[in-house]
Amino acid sequence: MTTKRRGMTEEAADAAIDQACRMLRMPTIRNSFTDYADRAGREQMSYRGFLAELLLAECDDRARRRSERRIKAAKFPREKSLRAFDFDANPNIDPAVIHTLAKCEWVQKGQPLCLIGDSGTGKSHLLIALGTEAAMAGYRVKYTLATQLANELVEAADEMTLAKTIARYGRVDLLCIDELGYMQLDRRGAELLFQVLTEREEKASVAIASNESFGKAHMFA
């Protein structure tokens, strides 16, 4: 049953809105509804227009917070963006290819990505930046170094928790593995790492940055 409230003072209305927003978990509206109400009055917005502005602001802020949580959960070692990548210093990398990859269709399809080239060609930068784009697009992402993952898998195998660890990495939409080939893995670690890659094959995406040396930098997608 809905109770009608008439003749509310502005002070009472503000308190009621604050309480309702807390109950409905709408922090953006709670923190900014007075500013939106003032602007709506100045611009003579309709009730529907005012309501739409409030709800869209809440939706936008929730999307932003979700992206921030996914980026944090990915555990990138540092912040890198495509906007900050110097394509002029890396002429063998096609900007059009990278911006196409940033649309994340390959993640949606569960396809792999390999960034292969000499040191200093921006592989890690691109790996983190593309992983960030995927997180912002709504995908679950996890970043790890190849040696770190191999060591974790060996420890899990020793502690009889290997299946659980592999399943945890299997739940993400995109697994970013950096510095593959930078340091030599022992046979056991390499085999377990290969097992993780096999588990994800044709199911979910893996992006790898390899530090193998070539005469020129190459990129394959």
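Above this note sits the structure.
Given the structure is predicted, the values throughout are model-derived calculations rather than measurements.

Asks: Would you mind showing me how to read the pattern of salt bridges here?
Replies: Where charged atoms from two side chains of opposite charge approach closely, those side chains can pair. Under the definition given, this model contains 12 salt bridges. Between Arg64 and Asp61 there is a salt bridge whose closest N-O contact spans 2.5 Å. Of the two residues, Arg64 and Asp61 both sit in helix H3 (residues 47-74), 3 residues apart, roughly one turn of that helix. Given the relative accessible area of 19%, Asp61 is considered buried. With a shortest N-O distance of 3.4 Å, Arg140 and Asp173 are connected by a salt bridge. Of this pair, Arg140 sits in the loop between helix H6 (123-136) and strand S2 (141-145) while Asp173 is found in the loop between helix H8 (162-170) and strand S3 (174-180), placing the two residues 33 residues apart along the sequence. For Arg140, a relative accessible area of 46% puts it in the partly exposed group. Linked by salt bridges that have partners in common, Glu58, Asp61, Arg62, Arg64, Arg65 and Glu68 make up one network.

Asks: Looking at this structure, I do not really get the nonpolar core. What am I missing?
Replies: Soluble globular proteins tend to bury their nonpolar side chains together. Grouped together as the largest cluster of nonpolar side chains are 27 residues, with contacts concentrated most on Ile98, Val141 and Leu174. Listed by contribution, the elements that provide at least two residues to this core are helix H4 (95-101), helix H5 (105-108), strand S1 (113-116), H6, S2, S3 and strand S4 (205-210). The biggest single contributor to this core is H6, with 7 residues. Each residue touching Leu174, except ones within four places of it in the same chain, is listed here: Trp106, Val107, Gly131, Ala134, Arg140, Val141, Lys142, Arg200, Ser205, Val206 and Ala207.

Asks: What's the story with the side chain of Glu58 in this structure? I'm lost.
Replies: Mapped onto the elements of the fold, Glu58 is located in helix H3. On the basis of relative accessible area, Glu58 is assigned to the buried category, the value being 3%. Only 2.9 Å separates the side chain of Glu58 from the backbone nitrogen of Ile29, close enough to count as a polar contact. With near-sequence residues (within four places) excluded, Glu58 lies in contact with Arg25, Met26, Pro27, Thr28, Ile29 and Arg65.

Asks: Hey, could you run me through the packing of helix H1 (residues 10-24) against helix H2 (residues 27-42) in this one?
Replies: When two helices pack together, their arrangement is given by the angle between the helix axes and by the axis-to-axis distance. One can describe the packing of H1 onto H2 by two numbers: an axis separation of 8 Å at closest approach and a directional angle of 155°. By the criterion of interaxial angle, the relationship of H1 to H2 is roughly antiparallel. The handedness of the crossing between H1 and H2 comes out as right-handed. For the pair H1 and H2, the contacting residues are Asp14, Ile17, Asp18, Cys21 and Arg22 in the first and Ile29, Arg30, Phe33 and Thr34 in the second. Taken together, the residues of the contact of H1 with H2 sort by class into 4 nonpolar, 1 polar and 4 charged.

Asks: Honestly, H6 in this entry has me stumped. Any pointers?
Replies: It helps to recall that an α-helix has 3.6 residues per turn; residues three or four apart then point in one direction. The end-to-end C-alpha distance of H6 is 20 Å, a good match for the 20 Å that 14 residues give at a rise of 1.5 Å each. For H6, the buried fraction is high: 12 of the 14 residues fall into the buried class. Listed as buried for H6 are Lys123, Ser124, His125, Leu126, Leu127, Ile128, Ala129, Leu130, Gly131, Thr132, Ala134 and Ala135. Phi for Gly138, located one or two positions after H6, is positive at around 105°.

Thresholds applied
Residues numbered from 1 in each chain as written. Predicted model: local features only at pLDDT ≥ 70, side-chain atom pairs only at ≥ 80, totals over all residues. Heavy atoms only, no water. Salt bridge = Lys/Arg side-chain N within 4 Å of Asp/Glu carboxyl O. Helix = DSSP H or I, 4+ residues; strand = E, 2+ residues; numbered from the N terminus. Buried < 20%, exposed > 50% of the residue type's maximum accessible area, 1.4 Å probe, protein only. Core = buried A, V, L, I, M, F, W, Y, C linked by side-chain atoms within 4.5 Å. Contact = heavy atoms within 4.5 Å. Polar contact = N/O pair within 3.5 Å; in protein donor to acceptor, adjacent residues only side chain to side chain. Axes fitted to C-alpha atoms, helices over the stretch in contact; angles between N-to-C directions. Parallel < 35°, antiparallel > 145°, perpendicular 65-115°, else oblique. Left-handed = near helix turned anticlockwise from the far one by under 90°. Nonpolar A, V, L, I, M, F, W, Y, C, P; charged D, E, K, R; others polar. Expected span 1.5 Å × (residues − 1).

Remember, this is a structural readout, not a statement about activity or role.
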